[in-house]
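Per-entry structural report
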Amino acid sequence: MDLLKSVILAVILTGCIAMVVGSQGTSAGPMAIFAVKMAGHKAYWSWPVFFGGTGLAWSLMLLQR
């Protein structure tokens, strides 16, 4: 259950960071932010930030046990 909660938090973290950095027109190097078009709208996403955020949130939840 902790992993599912951490994935949800990572989605929120990735969405916020990718939206701010990606809207400035940069890929931010190692963060590898890219634009995705969905139903005529542009969204930004980054897999490295998502996996890093998932690991960070999961480890923090494990520490709280």
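A quick note: this is a predicted structure, and the numbers were derived from the prediction, not measured.

1. Description of the packing of helix α1 (residues 2–22) against helix α2 (residues 47–63)
- Contact geometry for α1 and α2: axes closest at 8 Å, N-to-C directions at 135 degrees. Our classification of the angle between α1 and α2 gives oblique. The hand of the α1/α2 crossing is right-handed. Between α1 and α2, the residues in contact are D2, L3, K5, S6, V7, L9, A10, V11, L13, T14 and I17 and V49, F50, G53, T54, A57, W58, M61 and L62, respectively.
- For the contact of α1 with α2, the residue count by class is 13 nonpolar, 4 polar and 2 charged.

2. Regarding the side chain of D2
- Position of D2 among the secondary structure elements: in helix α1.
- The class for D2 is buried, based on a relative accessible area of 15%.

3. Looking at the environment of M31
- When you line up the elements, M31 lands in the loop between α1 and β1 (34–38).
- Each C-alpha atom, one on M31 and one on K5, is 22 Å from the other, the two residues being 26 residues apart in sequence.
- Setting aside chain neighbours within four positions, we find M31 in contact with I17, V21, S46, P48 and V49.

Cut-offs and rules
- Residues numbered from 1 in each chain as written.
- Predicted model: local features only at pLDDT ≥ 70, side-chain atom pairs only at ≥ 80, totals over all residues.
- Heavy atoms only, no water.
- Axes fitted to C-alpha atoms, helices over the stretch in contact; angles between N-to-C directions.
- Helix = DSSP H or I, 4+ residues; strand = E, 2+ residues; numbered from the N terminus.
- Parallel < 35°, antiparallel > 145°, perpendicular 65-115°, else oblique.
- Left-handed = near helix turned anticlockwise from the far one by under 90°.
- Contact = heavy atoms within 4.5 Å.
- Nonpolar A, V, L, I, M, F, W, Y, C, P; charged D, E, K, R; others polar.
- Buried < 20%, exposed > 50% of the residue type's maximum accessible area, 1.4 Å probe, protein only.

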